[in-house]
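Letter by letter, the chains look like this.
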Amino acid sequence: LAQLKDREEFSHIHYLICGRGEMWASLEESARELGISDHVNFLGYRTDAPELYKASDLFVFVTLREGLSVALMEAMSSGMPIVCAEIRGNTDLVDDGISGIFTENTPEAVAEHILDLYRNPQRRQALGQAASEKAALFDEKHVLQQVKDIYLSM
């Protein structure tokens, strides 16, 4: 986000961070030091993720390691366009350029994807629609049917 603070679009961009953990204080301090604290909202532990997804335009998920992320699947199922790191777990869920965008895990690369999608609402909508469709493949009913079909085929 700090990469964007000199851009005209920055005034319209806000970053929501949900959850609470050992890095909370250092993240708040980093936001202050980078001069972006007015655009970063630390929301703490939340139980209203679907409402937050509906109020948001983009889900950025640049973790270094991940399994099959529930947060990513929730964002996708809500129709959020995704920008994420190309790591195990994410690659099972996201089709690059179709249901999301894989990014290098650098501030510059992530910022460019955010800016590109900010400027292109049609692309955000298309990515979000495809993300929702892809997430449906991991829906409980769909997965249970697949397991049932496997057992019945034996």
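Residues numbered from 1 in each chain as written. Predicted model: local features only at pLDDT ≥ 70, side-chain atom pairs only at ≥ 80, totals over all residues. Heavy atoms only, no water.

Right, let's talk about a nonpolar patch on the surface for a bit. On the surface, Val147, Ile150, Tyr151 and Met154 cluster together into a nonpolar patch covering about 480 Å² of accessible area. Examined against the element boundaries, Ile150 turns out to sit in helix 7 (residues 140-152). (Patch = residues over 30% accessible without salt bridge, like charges linked within 9 Å, V, L, I, M, F, W, Y side chains within 5 Å. Areas by Shrake-Rupley, 256 points an atom, 1.4 Å probe, with all protein chains shown as cover. Salt bridge = Lys/Arg side-chain N within 4 Å of Asp/Glu carboxyl O. Helix = DSSP H or I, 4+ residues; strand = E, 2+ residues; numbered from the N terminus.)

With that settled, consider the packing of helix 5 (residues 107-119) against helix 6 (residues 121-136). Two elements in contact, helix 5 and helix 6, have axes whose closest approach is 5 Å; the angle formed by their N-to-C orientations is 105°. Compared by their axis directions, helix 5 and helix 6 come out roughly perpendicular. Contacts from Asp116, Leu117, Tyr118 and Arg119 in helix 5 reach Pro121, Arg123, Arg124 and Leu127 in helix 6. Among the residues making up the contact of helix 5 with helix 6, the classes are represented as four nonpolar, no polar and four charged. (Axes fitted to C-alpha atoms, helices over the stretch in contact; angles between N-to-C directions. Parallel < 35°, antiparallel > 145°, perpendicular 65-115°, else oblique. Contact = heavy atoms within 4.5 Å. Nonpolar A, V, L, I, M, F, W, Y, C, P; charged D, E, K, R; others polar.)

Bringing the layout of surface pockets into the picture now. Considering only enclosed or pocket space, the largest pocket measures out at about 2,000 Å³ in volume. In terms of lining residues, the largest pocket is bounded by 49 residues, among which Tyr15, Leu16, Ile17, Cys18 and Val60 are the most central. Broken down by secondary-structure element, the contributors of at least two residues to the lining of the largest pocket are strand 1 (15-18), helix 1 (24-34), strand 2 (40-44), helix 2 (49-54), strand 3 (59-61) and helix 5. For the lining of the largest pocket, the leading source of residues is helix 5, giving six residues. For the lining of the largest pocket, the class distribution of residues is 34 nonpolar, 10 polar and five charged. (1 Å grid on protein atoms, 1.4 Å probe; cavity = no way out; pocket = protein on both sides within 12 Å on 5 of 7 lines; lining within 4 Å. Points joined across faces, edges and corners; volume = space filled by probe spheres on them.)

Right, let's talk about the pairing of strand 2 for a bit. Note: strand 1 against strand 2, four bridges, orientation parallel. Within the sheet, the bridge partner assigned to Tyr15 lies in strand 2 and is Val40. Regarding topology, helix 1 serves as the crossover connection from strand 1 to the parallel strand 2, and that connection is right-handed. (Pairing = 2+ DSSP bridges. Right-handed = clockwise from strand over helix to strand, strands pointing away.)

So, on to the packing of aromatic side chains. According to the stated counting rule, one finds three aromatic pairs in the structure shown. An aromatic cluster of at least three residues, connected via ring pairs, comprises Tyr53, Phe59 and Phe61. Across from the ring centre of Trp24, 4.2 Å away, lies the NZ or CZ of Arg20, which sits over that ring. (Phe/Tyr/Trp six-rings, centres within 6.5 Å; stacked < 30°, edge-to-face > 60°. Lys NZ or Arg CZ within 6 Å of the ring centre and 35° of its normal.)

One open sheet accounts for three strands, arranged 3-4-5; its pairing is parallel. For this open sheet the edge positions go to strand 3 and strand 5 (101-103), each flanked by a neighbour on one side alone. Averaged over neighbouring strand pairs, the angle between their axes works out to 20° when direction is ignored. As defined by bridge partners, strand 4 (residues 82-85) adjoins strand 5 across three bridges and the pair is classed as parallel. Bridge pairing links Ala85 to Thr103 in strand 5.

Take the side chain of Thr103 next. With respect to the secondary-structure elements, Thr103 resides in strand 5. Using a relative accessible area of 6% as the deciding quantity, one classes Thr103 as buried. If sequence neighbours within four positions are ignored, Thr103 has contacts with Val62, Val83, Cys84, Ala85, Glu86, Ala109, Val110 and His113. (Buried < 20%, exposed > 50% of the residue type's maximum accessible area, 1.4 Å probe, protein only.)

Let us look at the side chain of His39. Relative to the assigned elements, His39 resides in the loop between helix 1 and strand 2. Accessibility expressed as a relative area gives 13% for His39, which makes it buried. A polar contact of 3.5 Å, which involves the side chain of His39, links it to the backbone oxygen of Phe10. Here His39 is in contact with Leu1, Phe10, Ser11, Ile13, His14 and Tyr15, once residues within four sequence places are set aside. (Polar contact = N/O pair within 3.5 Å; in protein donor to acceptor, adjacent residues only side chain to side chain.)

Before going further, it helps to spend a moment on the pairing of strand 4. Burial along strand 4 is two-sided: the residues Ile82 and Cys84 and Val83 and Ala85 are all buried. The parallel pair strand 3 and strand 4 is bridged by helix 3 (residues 70-77), and the resulting crossover is right-handed.

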